[in-house]
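Observations on the model geometry
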Amino acid sequence: MMLKPLHASLAAITLGLAFTAHAAGPAFDDKFRQLDELLPTPGETRTASGAPGHAYWQQRADYKLRVTLDENARSVSGSGTVTYHNNSPDTLSYLWVQLDQNMFRGDSDNRNISTLPSRSAWQARGNDGVKFEALRFQLESRTFAGGIDIQSVTGSDGRPLPHVINKTMMRIDLPQPLKPGARTSFNITWKFNIPEMNVLGRRMGFERFKDGNDIYEIAQWFPRMAAYYDIAGWQNAQYLGDGEFTLEFGDYDVQITVPSDHVVAATGELQNAGDVLTAAQRDRLKQARTAGKPTMIVTQAEAMATEKGRASTMKTWRFNAKNVRDFAFASSRKFIWDAQGIKSGKQDVMAMSYYPAEANPLWEKYSTPAVVHTIEQYNKYSFDYPYPVAISVNGPVGGMEYPMISFNGRRPTKDAKTGELTYSRATKYGLISVIIHEVGHNYFPMIVNSDERQWTWMDEGLNSFLQFLAEDAWEANYPARRGEARDIVDYMRSTNQAPIMTNAESTLQRGNNAYAKPATALNILRETILGRELFDFAFKEYGERWKFKRPTPADFFRTMEDASGTDLDWFWRGWFYTTDAVDISVDGMTEYTVSSQDPEVEKAWARAQKAAQPLSVTDQRNKGMARRVDAHPELKDFYNENDEFTVTNKDRNKYAETMAGLEDWQKDLLKEGKHLTLVDFSNKGGLVMPLIVELQLKSGKKTIERIPAEVWRYSPTKITKLFITDEPIVGLTQDPYWETADIDVSNNSWPRKPTPSRLELFKTNTDPSNLMRDARTPLKNALPKAAE
């Protein structure tokens, strides 16, 4: 069988799925080698399938806590008992406890390693300067009396326990080793000053209002047991600010004493509503459980009336929470409170929001509906929300998650002249998104309890991916920021990157690296590589396997492969272990048709090809020139009537002999008339990905061919792919829907397509600096005089 080149010729060609180019150079880079060299060896606790093994274990810590909020001093004092269960096969001679409030000490590592923007960034702006807020932080962080004051640590017998504080960690030495299967209890008392969130805070703090009231969002407020698990032992890495929290599950009994006119939102279920709520509030809560929309428990009018006073007495709110890994609360007399009951599987859930009047009309319209929406959507892709409450609180923290409660920012803007409250599009969707994100964290990592101190992406990235799905389900054309491949391109082409698989405290461009890139990778895995059916089954299996357990990256990777039936090591390696980018270039295209070997057909085809060649300049200029043979026709012979494309009897006889020697299927193949197009691709970015190729045919018809990433397995930098069509291909585009995060779409088409852009015209600056003139400019508004 012969091939006829239409646009180029090849000395030899072998038909197949793809051709690979091997050139002299560096050793072969196997993009598809397995991850065994990087992942921990499976065993009895964690299997090769990614599931917990038959010997899986994890520790447990139960808490009975009492805490008092001193509004005048803006401080917290607490006491409590921690019961630690050693479910490991190891004997422990000491325990590690997290003292995260010590990050707010003036001499903490967090404060000492903080830096200002680089000098080059200043110079790029044409001056040396920093923001007011940055300098304020630097100054006040050195004078604020932050950090936790541990007043006593005693055993269950009341005797003091030896303990050593190492910055944000405390080691408690046990009087006797804690054997496997045993448990121990210790008592602890402490106090600390609450940082002002907008000045010094991180993930918690208070917000002051001009009317003299505060909103308190209190977290990392008690000594919390550090995690001890099979892969890492004690996770006692220092808390520097970015690496979040690795904690154990347990039951909580918490009593919170606050001013009697405060409303408290907290992890868990309120146990003493009769002591802290009015009869009307209790009745409204009952109605909210079956309401189809949010019901006001504390109205705006009631909250605004309360905030005008200041109680001199205290009340204690009591909450119980089962099988949670942390506890947080918020308290203020400014809180409006609404609630709506929903079903999550068999669990009755109260979705609730707490916010000041300054947050309306935005919060009363969107907060609780966004909580409800989050639970409905996340349940689809993971597991049913198992807790009895889900809370969104508006205060100074822009976005932070804890079991059953989240702190979320965004408020309307008050017009300085009219006093009217309005909000921008960005504020509206920013609020909905942050609530989805923070409530969504109940699933990852509050229930699927990954090690946040080590792997930020395992909670932020997975959650950002589900957030993207929930945003899409809110309304069409939702302005989502993370998830679409096209939105990660600028980051993927940047140079200041670290792999996703980087420790939480060493991650560069945290938002892009730990949130956006893994979310985008998972969306590409779902839409382009596995397809929704396989992906959704595997992702849900991961959630079901690891809820209320502590997975590692290996468990996620292995579960996704095991449940989808797909080897994805190449994908994890490229997207999670490197900073390679996707840049697949279409370098050329050569079209062939199958020769019929019929001389009547083939020589006519060859004659047409020659006729299609452009007329040379010489022939154009010689047109009409007198020739000898025209004046003397006797000089013409056989060759003037026949050319090299004339079919001879010898040609016909040879064709007949050839056809007689062919089988019927071979004869049919010659009659197919297929067009064969060889397309050269190169991988310029380093990250192997599937080829999504849109073919435009001569008739105008367009088709899509999806070619798995394994097409690159023998040659990760250059390949040639064969496309077989019924008619000529006149155009080709790789990744036509921008679904692979290709960083350079200008080389994605053949023939090349120009990239549209804009040329901005601007005037020459005709007003140069003139110090004499500027000094004589009249003063419009005098600045306030400096204090004498």
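Before going into details, it helps to say that this report is about the structure given with it. (Residues numbered from 1 in each chain as written. Predicted model: local features only at pLDDT ≥ 70, side-chain atom pairs only at ≥ 80, totals over all residues. Heavy atoms only, no water.)

1. Here's the deal with the pairing of strand E22 (residues 347-355)
Burial analysis of E22 places seven of its nine residues in the buried class, the great majority of the element. The hairpin turn running from strand E21 (residues 336-344) into E22, its antiparallel successor, is two residues long, and Gly345 in that turn takes a positive phi close to 65°. A crossover links E22 with its parallel partner strand E23 (residues 389-394), the connecting element being helix H7 (residues 362-381), and its sense is left-handed. (Buried < 20%, exposed > 50% of the residue type's maximum accessible area, 1.4 Å probe, protein only. Helix = DSSP H or I, 4+ residues; strand = E, 2+ residues; numbered from the N terminus. Pairing = 2+ DSSP bridges. Right-handed = clockwise from strand over helix to strand, strands pointing away.)

2. Looking at the sheet that holds strand E5 (residues 92-98)
The strands that make up a sheet are held in pairs by hydrogen bonds between backbone atoms, and each pair lies either parallel or antiparallel. Overall, antiparallel pairing links the four strands, which are arranged E7-E8-E5-E12 in an open sheet. Both outer strands of the open sheet, strand E7 (163-166) and strand E12 (224-225), are each paired with one neighbouring strand and no more.

3. What to know about unusual backbone geometry
For the bond running from Phe444 to Pro445, omega is 15°, close enough to zero to count as cis. Tracing the backbone through its elements, the reader meets Pro445 in the loop between helix H8 (425-440) and helix H9 (457-474). Note the cis peptide between Trp750 and Pro751, where omega equals -5°. Its location among the elements puts Pro751 in the loop between strand E34 (749-750) and helix H21 (771-775). Phi at Arg410 takes a positive value of approximately 80°, unusual for a residue other than glycine. Along the chain, Arg410 turns up in the loop between strand E25 (405-408) and strand E26 (413-414). One non-glycine residue, Asp735, adopts positive backbone phi at about 55°. By the element assignment, Asp735 lies in the loop between strand E33 (729-734) and E34. Using a relative accessible area of 1% as the deciding quantity, one classes Asp735 as buried.

4. Digging into the packing of H9 against helix H13 (residues 553-564)
Helix-helix packing is described using two parameters, namely the angle between the two axes and the distance between the axes. Relative to each other, H9 and H13 sit at 40°, their axes nearing to 11 Å. By the criterion of interaxial angle, the relationship of H9 to H13 is oblique. In this structure, H9 contributes Trp457, Met458 and Leu462 to the contact, and H13 contributes Pro553, Phe556 and Phe557. Of the residues contributing to the contact of H9 with H13, the split by class is six nonpolar, no polar and no charged. (Axes fitted to C-alpha atoms, helices over the stretch in contact; angles between N-to-C directions. Parallel < 35°, antiparallel > 145°, perpendicular 65-115°, else oblique. Contact = heavy atoms within 4.5 Å. Nonpolar A, V, L, I, M, F, W, Y, C, P; charged D, E, K, R; others polar.)

5. Notes on the packing of aromatic side chains
Evaluated as defined, the whole model comprises 49 aromatic pairs. Judged by centre distance (5.1 Å) and plane angle (40°), the ring pair of Tyr378 and Tyr443 falls under tilted. Note that Tyr378 is positioned in helix H7 and Tyr443 in the loop between H8 and H9, a separation of 65 residues in sequence. Comparing Tyr378 with Tyr443, the two get one shared label, buried. For the pair Tyr429 and Tyr478, a centre-to-centre distance of 5.1 Å together with 85° between the ring planes defines the contact as edge-to-face. (Phe/Tyr/Trp six-rings, centres within 6.5 Å; stacked < 30°, edge-to-face > 60°.)

6. Thoughts on the sheet that holds strand E31 (residues 702-707)
Sheet architecture is open: four strands sit in the order E31-E30-E33-E34, paired in antiparallel fashion. Of all strands in the sheet, those bounded by a partner on one side alone are E31 and E34.

7. Side note on the pattern of salt bridges
What the rule picks out here adds up to 46 salt bridges. Between Arg550 and Glu248 there is a salt bridge whose closest N-O contact spans 3.5 Å. On the criterion of sequence distance, the pair formed by Arg550 in the loop between helix H12 (532-546) and H13 and Glu248 in the loop between strand E14 (233-234) and strand E15 (250-259) is long-range, its members being 302 residues apart. Across the pair Arg493 and Asp490 runs a salt bridge, and its minimum N-O distance is 2.8 Å. (Salt bridge = Lys/Arg side-chain N within 4 Å of Asp/Glu carboxyl O.)

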